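In case you want the letters, here they are:
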Amino acid sequence: MSERTPMIEMCNVSKHFGSVIALSDISVQVHSGEVMCLLGDNGAGKSTLIKTLSGVHQPTHGEIRLDGTPARFKSPAYALDAGIATVFQDLAMIPLMSITRNFFMGREPTVGWGPFKRIDWKLADRIAKQEMGKIGIDVRDPSQPVGTLSGGERQCVAIARAVYFGAKVLILDEPTSALGVKQASVVLRYIAKARADGLAVIFITHNVHHAYPVADAFTLLKRGGSLGTFRKEDISREEVLNMMAGGAELESLDAELAEFQRSDTERAADTSGVRPPLAAGQ
Ligand SMILES: Nc1ncnc2c1ncn2[C@@H]1O[C@H](COP(=O)(O)OP(=O)(O)OP(=O)(O)O)[C@@H](O)[C@H]1O
Ligand SMILES: [Mg+2]
């Protein structure tokens, strides 16, 4: 591996909630221009890990380093100021506010000075439209409510915002879980672009088809502990699937379903191709 300083690093971090040990002695690193995908079952500690990185929680033990410097964030606002932007699945946007307002979130450009200072909406609208255009989303009217955008486009506003304001680290908690194939691919393409722009990206997904194409490394959590970080070149798509929440179960379900199908075909063959009559209500 390279000797570069990681952009973001967790060093032996633990997080306890009373007697619950949500994270135990976790060490992970993500370099700029890299995407790390967090995997693990429900309750494994994925959200706790990213909330600890983004200033929602303070680590009980251990240290977070940003670009090599120890960092302690009192709140997500401090983390954001330091360059760590987090996009939460549901809290990313305020639906009734305009696209432009959601894009700037209180950081709108202003004109005038002192008591005459006011938001420059024309400029703000232009920047929002332009930044969305850069990622291939044509917003006709940026003053329309963000609720009129599709789920994927909304995720993209949140990501575009992070990039525009100079984030160094982009953290995404299941950004594609509620999206259809087309919208998920728009978001994934944008994650890939953020990576190419040199951001360090951490994201959680339960979908191997979303994780595998964009990730450089996978970290697997289990009951608060890390089972290790695997570089993509060292691990196949099938192995990633097995590490994912429910991956093994899905495989055995597949086998079970195949078994059903086989017995169906056998039954059909037994009755010389005549399907048994359906029972009432079927
Ligand atoms: N604020 C909290 N107070 C007490 N316990 C918590 C708190 N947040 C998380 N936990 C506990 O920590 C453990 C890890 O939770 P976490 O939400 O990080 O899991 P996760 O991997 O994100 O799961 P999922 O895939 O279901 O989102 C769980 O046992 C959870 O109950
Ligand atoms: Mg979670």
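This one's a predicted model, so the numbers in the text were calculated from it and none came from an experiment. (Residues numbered from 1 in each chain as written. Chains lettered and ligands numbered in written order. Predicted model: local features only at pLDDT ≥ 70, side-chain atom pairs only at ≥ 80, totals over all residues. Heavy atoms only, no water.)

1. A few points about the side chain of Glu-131
So, step 1. Inspection of the secondary structure puts Glu-131 in helix H4 (residues 121-134).
So, step 2. Taking the relative accessible area as the measure of exposure, Glu-131 reaches 10% and is therefore buried.
So, step 3. Setting aside chain neighbours within four positions, we find Glu-131 in contact with Phe-103 and Tyr-164. (Helix = DSSP H or I, 4+ residues; strand = E, 2+ residues; numbered from the N terminus. Buried < 20%, exposed > 50% of the residue type's maximum accessible area, 1.4 Å probe, protein only. Contact = heavy atoms within 4.5 Å.)

2. Quick word on the sheet that holds strand S6 (residues 84-88)
So, step 1. Pairing within the open sheet is mixed, and its six strands lie in the order S6-S9-S10-S3-S11-S12. This sheet does not close on itself; its edge strands, each paired only once, are S6 and strand S12 (225-231). Direction aside, the axes of adjacent strands within the sheet are offset by 15° on average.
So, step 2. Two strands pair when backbone bridges link them, and strand S11 (residues 217-222) and S12 are joined in this way by six bridges, in the antiparallel orientation. Paired with Ala-217 across the strands is Arg-231, a residue of S12. (Pairing = 2+ DSSP bridges. Axes fitted to C-alpha atoms, helices over the stretch in contact; angles between N-to-C directions.)

3. Re the packing of aromatic side chains
So, step 1. With the rule as written, the count across this model stands at seven aromatic pairs.
So, step 2. Ring geometry for Phe-103 and Phe-104: centres 5.1 Å apart, planes at 70°, overall edge-to-face.
So, step 3. Assessed through its relative accessible area of 0%, Phe-103 is described here as buried.
So, step 4. Overall, the relative accessible area of 2% leaves Phe-104 in the buried class.
So, step 5. Ring centres 5.4 Å apart and planes at 55° place the aromatic pair Phe-103 and Tyr-164 in the tilted group. Of this pair, Phe-103 sits in helix H3 (residues 99-104) while Tyr-164 sits in helix H5 (residues 151-164), and the two are 61 residues apart along the sequence.
So, step 6. Overall, Tyr-164 belongs to the partly exposed group, its relative accessible area being 33%.
So, step 7. By the ring-pair criterion, three or more aromatic residues cluster together here, those being Phe-103, Phe-104, Tyr-164 and Phe-165.
So, step 8. If you follow Arg-107 out to its NZ or CZ, it ends over the ring of Phe-165, 3.9 Å from the centre.
So, step 9. The ring of Tyr-212 has Lys-232 lying over it, and the distance from NZ or CZ to the ring centre is 5.0 Å. (Phe/Tyr/Trp six-rings, centres within 6.5 Å; stacked < 30°, edge-to-face > 60°. Lys NZ or Arg CZ within 6 Å of the ring centre and 35° of its normal.)

4. A word on the site of ligand 1
So, step 1. By nearness alone, every residue bordering ligand 1 is listed as Phe-17, Ala-22, Asp-41, Asn-42, Gly-43, Ala-44, Gly-45, Lys-46, Ser-47, Thr-48 and His-206.
So, step 2. Contacts to ligand 1 include Ala-44, whose backbone N or O atom sits 3.2 Å from an oxygen atom.
So, step 3. Between an oxygen atom of ligand 1 and a side-chain N or O atom of Thr-48, the distance comes to 2.5 Å.
So, step 4. Considered on its own, ligand 1 offers 640 Å² of accessible surface; in the complex 60% of this is hidden by protein.
So, step 5. Sort the elements by how many residues they give to the shell around ligand 1 and helix H1 (residues 46-53) lands first, with three residues.
So, step 6. Class assignment for the residues of the shell around ligand 1 results in three nonpolar, six polar and two charged. (Near = heavy atom within 4 Å. Polar contact = N/O pair within 3.5 Å; in protein donor to acceptor, adjacent residues only side chain to side chain. Areas by Shrake-Rupley, 256 points an atom, 1.4 Å probe, with all protein chains shown as cover. Nonpolar A, V, L, I, M, F, W, Y, C, P; charged D, E, K, R; others polar.)

5. Some details on empty space enclosed by the protein
So, step 1. In total, this model carries one cavity of 30 Å³ or more according to the counting rule given.
So, step 2. If you go around the largest cavity, the residues you meet are Thr-52, His-57, Gln-58, Pro-59, Ile-64, Ala-71, Arg-72 and Phe-73.
So, step 3. Looking at side-chain class alone, the lining of the largest cavity contains four nonpolar, three polar and one charged residues. (1 Å grid on protein atoms, 1.4 Å probe; cavity = no way out; pocket = protein on both sides within 12 Å on 5 of 7 lines; lining within 4 Å. Points joined across faces, edges and corners; volume = space filled by probe spheres on them.)

6. Focus: the pairing of strand S10 (residues 200-204)
So, step 1. Burial runs high along S10: five of the five residues are buried.
So, step 2. Neither face of S10 is open: one carries Ala-200, Ile-202 and Ile-204, the other Val-201 and Phe-203, and all of them are buried.
So, step 3. Where strand S3 (residues 34-40) lies against S10, five bridges are found, and the strand directions are parallel. Paired with Met-36 across the bridge in S10 is Ile-202.
So, step 4. Handedness of the crossover joining strand S9 (residues 169-173) and S10 through helix H6 (residues 181-196) is recorded here as right-handed. (Right-handed = clockwise from strand over helix to strand, strands pointing away.)

7. Some details on the pattern of salt bridges
So, step 1. Tallying each qualifying case throughout the model produces eight salt bridges.
So, step 2. Put simply, Glu-34 and Arg-231 hold a salt bridge, and the shortest N to O gap is 3.5 Å. Linking Glu-34 in strand S3 with Arg-231 in strand S12, this pair joins segments that are 197 residues apart in sequence.
So, step 3. Ionic pairing is found between Glu-63 and Arg-65, a salt bridge with its closest N-O pair at 2.8 Å.
So, step 4. What makes Glu-63 partly exposed here is its relative accessible area of 29%.
So, step 5. One network of salt bridges, with partners in common, ties together Glu-9, Glu-63 and Arg-65. (Salt bridge = Lys/Arg side-chain N within 4 Å of Asp/Glu carboxyl O.)

Interpretation in functional terms is not warranted from these geometric data alone.
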